[in-house]
Amino acid sequence: MFPLLTDALLGLLSVEDVSTHAAALVYCAGTLKCLSANGSVLRRLLDKNFIGSARKLLQRLCSADATAAKAGQVLLQLTATLRNLANLPEARPLFVSLSVMSELCVVLRVHRHDTHVCTNVSRILSKLSSYPECLAALAQTPDCCRLFLDVLDQHHQKQDLVVRLLFILGNLAADSDASRLQLFLSDGAVATLLRLYDRYQCRAPPHQEDPPPTGEPPPPRERENEDVLVKLVRVLANMSVHPAVGSHLATDESCIQLLTETLELRSVSASEELMVNAAAAINNLSYYQEGSAALRRNRIAVAQLMMKLLLSSSRDAVLEAVRVYGNLSLHQDVRGFIMQHGVHRFMVTLLDSRSADVCLSACGVVTNLAVDPPNRRSLSLEGAAVKLVDCLRDLGAADWLLGGQICQALWNLGGGEALLGRRGRACLLRVLVTLSDEDEALKWVENDDLRDFHKACWEMEFLPAAQRLMKTLQPLERTDEEEESRRWDWTRMTRN
């Protein structure tokens with residue numbers, strides 16, 4: 001029964017005229033929507049080229065002959081069926097090859113006053129934008145970012161629509177520099193996003209002096225607002241990877257204020273994803289702090305706020321906090337704050353994490369702290385040098401960027417016998433000699449292409465630092481150039 005019924009309904013979709021048989025099309029599309037909840041019917045629709053028929057109908061519904069009210073009713077049913085089809089992996093290539101996403105953007109533009117149609121279209125595009133081939137096709141749609149921003153501004157109070165559109169923009173901004181720049185250059189993009197940020201920022205009313213208990217889940221309304229902020233801050237973080245965008249946002253007082261306010265108002269236990277995204281945005285923007293008066297004024301406050309993340313039980317929060325410290329610790333006042341508040345002890349402890357990402361971030365902070373001679377003794381008393389040698393021995397050969405950074409940190413600390421002891425110094429030399437031998441260092445890489453990649457990383461990131469460290473294990477005078485090369489900038493290595 002179902003095959004005959006679906007075939008008949010598909011036939012009606014192809015021939016009925018929306019201007020004269022709108023009611024028939026509404027019932028036909030509505031029936032197909034209900035039937036598509038059945039998996040076997042959904043696959044039959046796919047086999048019978050429903051996506052191709054739907055594309056043609058979308059074009060007719062957006063034509064000048066179709067009245068908005070009649071077209072909107074049909075579109076509501078039709079787009080719901082397309083959303084069900086978007087769940088099928090085998091359907092996604094058809095969405096790309098038939099340019100359905102471009103047609104959906106036309107629907108969004110023509111029917112942007114209809115919140116129900118906009119929501120259905122956003123559900124389809126948010127689903128498809130999670131897949132690289134679909135995201136690439138969407139990115140090629142002219143002015144799609146401007147369109148999404150216009151709909152966001154128009155329907156800013158429609159939380160479920162806003163969340164999905166921000167998710168799409170976040171995926172686009174995560175995809176490529178071209179998409180980041182396209183979004184940024186869309187007329188009024190930053191103003192629209194920051195205005196939306198301000199609307200959804202959950203602030204306690206003036207009469208409420210005591211914040212809710214730490215870790216307590218926010219009430220439903222706040223949770224809805226937080227869903228928006230999670231997606232919105234992700235957009236800002238991803239956009240700011242592009243140098244032109246990041247340098248602009250870093251100088252935007254409102255942007256910096258909203259991000260720091262988010263970190264002040266919330267806790268990791270209750271709002272982990274939002275806190276991590278906000279820290280990631282701050283981290284990316286802090287790469288441009290030299291040209292940002294807003295960041296310069298707030299860097300100690302940001303360093304203080306990062307302690308909330310550092311002291312949490314969330315690995316992601318800790319990692320983002322350490323990355324921020326890596327950038328901010330380029331400045332002496334922040335290094336003083338880190339030492340005064342014992343943050344350096346956390347960095348040394350994290351060298352034992354057995355995670356390359358965490359070790360690299362913590363090692364970067366240690367490298368910068370050791371620029372100041374008074375800090376070297378404090379770090380040594382915490383066992384930093386020994387932990388760095390252990391980390392180099394255990395993880396260095398698997399990550400040459402980390403291996404090179406460890407060598408830089410040890411060199412800054414002055415890693416000779418006085419620091420490590422005779423046995424520690426001998427152990428470090430053995431590790432360095434082994435890892436500096438090309439055959440030994442690369443013997444575990446079997447794939448030729450990977451071998452070339454690892455060799456390039458070994459030659460550029462590790463070998464120069466290792467050779468310099470081996471030389472400076474003997475007492476030598478340091479030049480001014482050597483002293484300057486002690487500094488380390490985390491974001492230079494992680495912005496992509």
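Participant: Give me the lowdown on the environment of Ser292, citing residues and values where you can.
Facilitator: If you trace the backbone, Ser292 turns up in the loop between helix 17 (272–286) and helix 18 (293–310). On a C-alpha basis, the gap between Ser292 and Asp252 in space is 8.2 Å, while along the polypeptide they are 40 residues apart. In this structure Ser292 touches Ala250 and Thr251, once residues within four positions along its chain are discounted.

Participant: Help me get a handle on a negative patch on the surface, residues and values and all.
Facilitator: A cluster of like negative charges, contributed by Asp227, Glu272, Glu273 and Asp316, occupies part of the molecular surface. Along the chain, Glu272 falls in helix 17. Residue Glu272 is classed as partly exposed on the basis of its relative accessible area, which comes to 37%.

Participant: Any details on the nonpolar core? Residues and values, ideally.
Facilitator: Of all hydrophobic cores here, the largest spans 165 residues; its most connected members are Phe50, Leu82, Phe95, Phe148 and Tyr325. Each residue touching Phe50, except ones within four places of it in the same chain, is listed here: Leu10, Leu13, Leu32, Leu45, Leu78, Thr81, Leu82 and Leu85.

Participant: So what's going on with the packing of aromatic side chains? Residues and values would help.
Facilitator: This structure, assessed with the given rule, holds two aromatic pairs. Judged by centre distance (5.1 Å) and plane angle (85°), the ring pair of Tyr287 and Tyr288 falls under edge-to-face. Looking at Tyr288, the relative accessible area reads 12%, which means it is buried. When the ring of Trp400 is compared with that of Phe462, the centres are 5.0 Å apart and the planes differ by 50°; the resulting orientation is tilted. With Trp400 in helix 25 (residues 400–413) and Phe462 in helix 28 (residues 448–472), the pair connects residues that are 62 residues apart, well separated along the chain.

Participant: Give a description of the packing of helix 19 (residues 315–328) against helix 21 (residues 343–350) that names residues and reports values.
Facilitator: Running from N to C, helix 19 and helix 21 point in directions that differ by 120°, and their axes come no closer than 12 Å. One finds that helix 19 runs oblique with respect to helix 21. Crossing of helix 19 over helix 21 shows left-handed handedness. Residues Val318, Val322 and Tyr325 of helix 19 touch helix 21, and the partners they reach there are Val343, Met347 and Leu350. Here the contact of helix 19 with helix 21 is built from residues that sort into six nonpolar, no polar and no charged.

Participant: I'd like to hear about the pattern of salt bridges, residue by residue, with values.
Facilitator: A side chain with one charge may pair with a side chain of the opposite charge, provided their charged atoms come close. According to the stated counting rule, one finds 19 salt bridges in the structure shown. A salt bridge links Arg393 to Asp390, with the shortest nitrogen-to-oxygen separation between them at 3.3 Å. Remark: Asp390 and Arg393 occur in helix 24 (residues 384–395); sequence separation between them is three residues, near one turn of the helix. Take Arg393: its relative accessible area is 44%, and that puts it in the partly exposed class. Lys455 is the salt-bridge partner of Glu438, the closest N and O atoms lying 3.4 Å from each other. In this pair, Glu438 sits in helix 27 (residues 438–442) while Lys455 sits in helix 28, placing the two residues 17 residues apart along the sequence. Lys455 gets classed as partly exposed once you look at its relative accessible area, which sits at 30%.

Participant: Would you mind going over the confidence of the model for the protein chain in detail, with residue names and values included?
Facilitator: Looking at the protein chain, pLDDT values average 88 and 88% of them are 70 or higher. Here residues 205–211 is modelled with pLDDT under 50, and outside its nearest four sequence neighbours on either side it reaches zero contacts, counting other chains as well. Of the regions scoring below 50 in pLDDT, residues 490–496 engages in 18 contacts with residues more than four places distant in sequence or in other chains.

Participant: Could you give an account of the side chain of Ser240, naming the residues involved and the relevant values?
Facilitator: Within the secondary structure, Ser240 is located in the loop between helix 14 (220–239) and helix 15 (243–250). With relative accessibility at 0%, the residue Ser240 sits in the buried group. When residues no more than four places from it in sequence are discounted, the contact partners of Ser240 are Val245, Gly246, Leu249, Asn284, Leu285 and Tyr288.

Participant: Mind laying out the side chain of Ser126, listing which residues take part and the relevant values?
Facilitator: Locating Ser126 in the fold gives a position in helix 8 (residues 115–128). For Ser126, a relative accessible area of 10% translates into the label buried. Apart from residues no more than four positions distant in its own chain, Ser126 is found in contact with Arg164, Phe167, Ile168 and Asn171.

Participant: Can you tell me about unusual backbone geometry, naming the residues and giving the values?
Facilitator: Here Asn49, not a glycine, exhibits a phi torsion of approximately 60°, which is positive. Within the fold, Asn49 resides in the loop between helix 3 (39–47) and helix 4 (50–61). Of the residues examined, Asn49 reaches a relative accessible area of 39% and is grouped as partly exposed. Within the chain, Asp143 stands out as a residue other than glycine whose phi angle is a positive 60°. Inspection of the secondary structure puts Asp143 in the loop between helix 9 (132–139) and helix 10 (144–154).

Participant: I'd like a description of the environment of Gly246, backed by residues and values.
Facilitator: Tracing the backbone shows Gly246 in helix 15. Considering only alpha carbons, one finds Gly246 and Ala281, 35 residues apart in sequence, at a separation of 9.4 Å. Once residues lying within four places of it in the same chain are set aside, the contact partners of Gly246 are Ser240, Leu285 and Tyr288.

Participant: Explain helix 19 residue by residue, including any values.
Facilitator: In this model, helix 19 (14 residues) spans 20 Å end to end at C-alpha, consistent with the 20 Å of a helix rising 1.5 Å per residue. When you tally the buried positions in helix 19, you get twelve out of 14 residues, the bulk of the element. Burial in helix 19 covers these residues: Ala317, Val318, Leu319, Glu320, Ala321, Val322, Arg323, Val324, Tyr325, Gly326, Asn327 and Leu328.

Thresholds applied
Residues numbered from 1 in each chain as written. Predicted model: local features only at pLDDT ≥ 70, side-chain atom pairs only at ≥ 80, totals over all residues. Heavy atoms only, no water. Helix = DSSP H or I, 4+ residues; strand = E, 2+ residues; numbered from the N terminus. Contact = heavy atoms within 4.5 Å. Patch = residues over 30% accessible without salt bridge, like charges linked within 9 Å, V, L, I, M, F, W, Y side chains within 5 Å. Areas by Shrake-Rupley, 256 points an atom, 1.4 Å probe, with all protein chains shown as cover. Salt bridge = Lys/Arg side-chain N within 4 Å of Asp/Glu carboxyl O. Lys, Arg positive; Asp, Glu negative; His and termini not counted. Charge placed at Lys NZ, Arg CZ, Asp CG, Glu CD. Buried < 20%, exposed > 50% of the residue type's maximum accessible area, 1.4 Å probe, protein only. Core = buried A, V, L, I, M, F, W, Y, C linked by side-chain atoms within 4.5 Å. Phe/Tyr/Trp six-rings, centres within 6.5 Å; stacked < 30°, edge-to-face > 60°. Axes fitted to C-alpha atoms, helices over the stretch in contact; angles between N-to-C directions. Parallel < 35°, antiparallel > 145°, perpendicular 65-115°, else oblique. Left-handed = near helix turned anticlockwise from the far one by under 90°. Nonpolar A, V, L, I, M, F, W, Y, C, P; charged D, E, K, R; others polar. pLDDT = per-residue confidence, 0-100. Expected span 1.5 Å × (residues − 1).

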